[in-house]
Amino acid sequence: PNVQSLVKKLQTKATVFTLDIASTVEQTVPVVSVEDFNFGGFVLDTVQHTITVPSTGYYTLSGNIAMRKISGTATNNNQNFFWQKKPAGSTTWVKVGSHFQSNFLRDATNHIQVSQALTPYGLLLNAGDSVRLRTIQVAGSGGVVTLDPTCDSYLFIEKGLLL
């Protein structure tokens, strides 16, 4: 079997935004605002919330997103999270990997927090490709849901070398 050796990795921590991620309009999750470490030359765009990969290879994109209802009544909200990539030199974003919908914010008896973990792996990216995490509400209604200020949300990307 092939053995994978880790050669590049990046971890970012989210800064809490007032962006309502429980929207029925697809939007980018702001998870690239604080860099914990960057080994290997990833480029962060903290305005567009994208990450550009430094070299061609297979990447694992992971995340843990902590959410909290901050106002209104978020009734049975469920978010769809998914990755998109934009090839180097392109202006078109395309969905890649799996979709994740295992979160459920019920907003009953103060159930106002939920988290989502996601890890599509083995994604082939070329040098200069950009990735971003997107979300759209697939169920529920009402309320404003944002990143939880009492918990850390992370995005972790690693590139391996197949030997």
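Residues numbered from 1 in each chain as written. Predicted model: local features only at pLDDT ≥ 70, side-chain atom pairs only at ≥ 80, totals over all residues. Heavy atoms only, no water.

### Re the overall build of the protein chain
Then, in step 1: Check the secondary structure of the protein chain and you find 0 helices and 13 strands.
Then, in step 2: The linear arrangement of helices and strands in the protein chain, starting from the amino end, is β-β-β-β-β-β-β-β-β-β-β-β-β.
Then, in step 3: Expressed as a percentage of its 163 residues, the buried residues of the protein chain come to 42%.
Then, in step 4: Accessible surface for the protein chain amounts to roughly 7800 Å². Of this, 52% is attributable to carbon and sulfur atoms. (Helix = DSSP H or I, 4+ residues; strand = E, 2+ residues; numbered from the N terminus. Buried < 20%, exposed > 50% of the residue type's maximum accessible area, 1.4 Å probe, protein only. Areas by Shrake-Rupley, 256 points an atom, 1.4 Å probe, with all protein chains shown as cover.)

### Looking at the pattern of salt bridges
Then, in step 1: Using the criterion set out here, one finds 1 salt bridge in the structure.
Then, in step 2: The salt bridge partner of Glu-26 is Arg-134, with a shortest N-O separation of 3.2 Å. In this pair, Glu-26 is assigned in the loop between strand 1 (4-13) and strand 2 (27-28) and Arg-134 in strand 11 (residues 130-141), connecting sequence segments 108 residues apart.
Then, in step 3: Residue Arg-134 is classed as buried on the basis of its relative accessible area, which comes to 12%. (Salt bridge = Lys/Arg side-chain N within 4 Å of Asp/Glu carboxyl O.)

### What about the confidence of the model for the protein chain?
Then, in step 1: Here the protein chain shows a mean pLDDT of 79. Residues at 70 or above account for 79%.
Then, in step 2: Across the protein chain, the element-wise mean pLDDT spans from 70 in strand 1 up to 92 in strand 5 (residues 50-52). (pLDDT = per-residue confidence, 0-100.)

### Observations regarding the pairing of strand 11
Two faces, one strand: in a regular strand the side chains alternate between the faces of the sheet.
Then, in step 1: Where strand 2 lies against strand 11, 2 bridges are found, and the strand directions are antiparallel. The residue of strand 11 that forms the bridge with Gln-27 is Thr-135. (Pairing = 2+ DSSP bridges.)

### Details of the side chain of Lys-159
Then, in step 1: Structurally, Lys-159 is set in strand 13 (residues 154-162).
Then, in step 2: Here Lys-159 occupies a buried position and makes no salt bridge, while the nearest side chain of opposite charge, Asp-129, is found at 12 Å. (Lys, Arg positive; Asp, Glu negative; His and termini not counted.)

### Let's talk about unusual backbone geometry
Then, in step 1: Backbone geometry at His-49 places phi at a positive 60 degrees, although glycine is not the residue there.
Then, in step 2: If you trace the backbone, His-49 turns up in the loop between strand 4 (43-45) and strand 5.
Then, in step 3: When its relative accessible area of 11% is taken as the criterion, His-49 is described as buried.

### Comments concerning the environment of Pro-30
Then, in step 1: Its place among the elements puts Pro-30 in the loop between strand 2 and strand 3 (34-39).
Then, in step 2: Relative accessible area serves as the criterion here: at 3%, Pro-30 is assigned to the buried category.
Then, in step 3: Between the C-alpha atoms of Pro-30 and Arg-132, which are 102 residues apart in sequence, the distance is 8.9 Å.

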